[in-house]
Every structure is written in C-alpha cells, then in structure tokens.
Amino acid sequence: MHSIPVFFSCDNNYLPFLAVSVRSLIDNLAPDTACDIHILNTGLERSGVRDILNMATDRVTIRTVDVSNQLKPIADRLALRDYYTASIYFRLFIPSLFPQYHKVIYLDADIAVNADLSGLYRVPLGNRLVAAASDEVIASCKDFQRYAEEGLGIPYRRYFNSGVLVMNLDQFRIQKIEEKFIHLLTTHRFETVCPDQDYLNILCRDRVLYLDQGWNKMSVNEDYNGIPMLVHYNMFYKPWLYRKISYGDLFWHYAARTPYHSRLCEILRSFGWQGKLKHAIAKRRLHQSVKRICRSKENFRRVLTGEITLPSADSEESHA
C-alpha cells in the first residue's frame, strides 16, 4: 500500500482548525490509501497536539516537525500582516527537510477534505513545480485582479492559491527555489498582500499545473458545478467566525468529530461586533495596501523584471 505524504503548517492558535482538517482527511481516505501526515511548526502546546496525534490509525501516521532552525536566519525579514504568522512560510522548506520525498501534498490548516486525496496526489506533474488552483478571492475583486497583474506581473487568472499544492520536490531542488526565495527575501523589502503565496507565484511562474477548482474550492461562494473535493475557508470566510459561510456545514460536520468541537462553538459564539468591526477595518486596509503596492516603484513586477532567472515553462495552459 503506497502512502501519501501530506504536510500542514500550524501554530497553537490554529490547532482546533487543523484538527478538523486532519479528521476530514482521515475520514475520506479510501480503504487502499495510506497517509503520512507531517505538521510543520515552531512549538506546539502538548495537550493540543496530543489530541491530533491520537487521530492516527493503522493507515495514517501523524508527526510534528519543528522548523525553528530553518526559520531563525530569516525570521526578521518575513513579511506578515493581519492574522498571518510565520507558519505560512514553512512549506518552502519541505524540499530540503525531506530529501526522501519526490512529491508531496501541502494543505493549509483551514481546509475540509471531502474526497480521497489519492486523486490529487496522482496528478501528472512532469517537470512542473506545483499543481495548484487559481485563487478565487483574487479573481473575485477588481482591486485584487489589478494587484496580481500590476503588483506581481501575473495574469490574475494565473495567480494560484498556495493553500493546496502538489509539490514536485525534485524540481524544487533542481531549480533551487528555497535559495531563490531566501535571496529575494534578504535582498528586497517587498510589501505583499499574500506573503508566501506571492513569492511562490513569482518563483513557480509558468511551471504550474492548474487544478480543477474543486480541489481548492474557496468559501467565498458556492459557484462550483458539483461537490468540491477540498473546501478552503481562507481569508475572512471562516465558519467558526460567521454563521452563514459557504460550505460551513461541511466544516461543522467534521468539527463535531474532534475534541475541539466545544471550543470551536465557543469561538463562534464569542465573535461579536468587535470582531466583525476588526475584520471590516482589516478589509479596508487591505484594499488600501493593494492600491499602494500597485503604484509602488518597488513592487515585485517593477523590481524583478529581468533581475533573476526564474524557471522556464513548457506550457502554462496545463490543467488537471
């Protein structure tokens, strides 16, 4: 039985949501599918992570991996905003930390898995760096569309979301993606909207296999013809904060099967007008930042034109 390597990044604040992701992943594994789950972190509270480790089965192993040493040299350069923490960058270290793997799945911790992951793992990458789906939030708003194109120089329909990735680790190593990321990070002070995601879009440009949206259906709407395989509760569209979120019932179905259910219910109950006001302010600031970055002479598009050699493409129109 072949085992699929799956990676998550998490800090203590996201343990309840990670528990839902892991529960949903395990519940949807086919009988002939096994999985090795790795939780990248820089220190997790013992009781919380123990609850997740206890979800392991005879076909599913779960372990934590501390990446503190990898983060130390660049910690003061990491671009963060709003609810983002350094954990969003952990996925970039997977190729060097796990030389035994050729190909892995990476998932954000705010995802509900609704299908067996073997279908995702089997997508044929060839020499592409990643398989990923285009970002529905970016595509849903003119300001964000402009950000992708004027801030990064990427057509907005080609801007992918990094919360669901099939990563070609061999090609990451060959193309020295981690080294190029650290070079960009330590050489420039780019202001970003989606920190790690922007870097990955730049570094993987034209080496992307675009997935069906059902493999990363965002809860911004239910505009999908069929049943999504993965639902991503990204940005402000969180069912543990708002009661009427697309595909929210799916999240709560799996949440009820975790030790965190009561805590998640309490998070929902306690998110009152102050939390909503904070989100409204954050959204306004986000749009202001987008417009400022588009005008900036030091954004990705203007600074990087011709500066670094990025991976070349055999085709950017590939889909799976």
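So, a few notes on the structure that sits alongside this text. Remember, predicted model here, so these are calculated numbers, not experimental data. (Residues numbered from 1 in each chain as written. Predicted model: local features only at pLDDT ≥ 70, side-chain atom pairs only at ≥ 80, totals over all residues. Heavy atoms only, no water.)

### Observations concerning helix H9 (residues 177-187)
Here's step 1: Along H9, the residues classified as buried are Ile 177, Glu 178, Phe 181, Leu 184 and Leu 185. Looking straight down H9, one finds its buried side chains confined to an arc of 130°; they lie on one side.
Here's step 2: Lining the buried residues of H9 we find helix H4 (94-97), helix H8 (169-174), helix H10 (195-203) and helix H14 (300-304). (Buried < 20%, exposed > 50% of the residue type's maximum accessible area, 1.4 Å probe, protein only. Helix = DSSP H or I, 4+ residues; strand = E, 2+ residues; numbered from the N terminus. Arc of directions from axis to C-beta. Contact = heavy atoms within 4.5 Å.)

### Here we look at the pairing of strand S2 (residues 34-41)
Here's step 1: S2 sits mainly inside the fold: 7 of its 8 residues count as buried.
Here's step 2: Across 7 bridges, strand S1 (residues 3-9) lies against S2 in parallel orientation. Counterpart to Ser 3 in the pairing with S2 is Ala 34.
Here's step 3: Crossover S1 to S2 through helix H1 (residues 15-27) is right-handed.
Here's step 4: Two strands pair when backbone bridges link them, and S2 and strand S3 (residues 60-66) are joined in this way by 7 bridges, in the parallel orientation. Across the sheet, Leu 40 pairs through a bridge with Val 65, a residue of S3.
Here's step 5: Traced from S2 through helix H2 (residues 46-53) to S3, the parallel crossover comes out right-handed. (Pairing = 2+ DSSP bridges. Right-handed = clockwise from strand over helix to strand, strands pointing away.)

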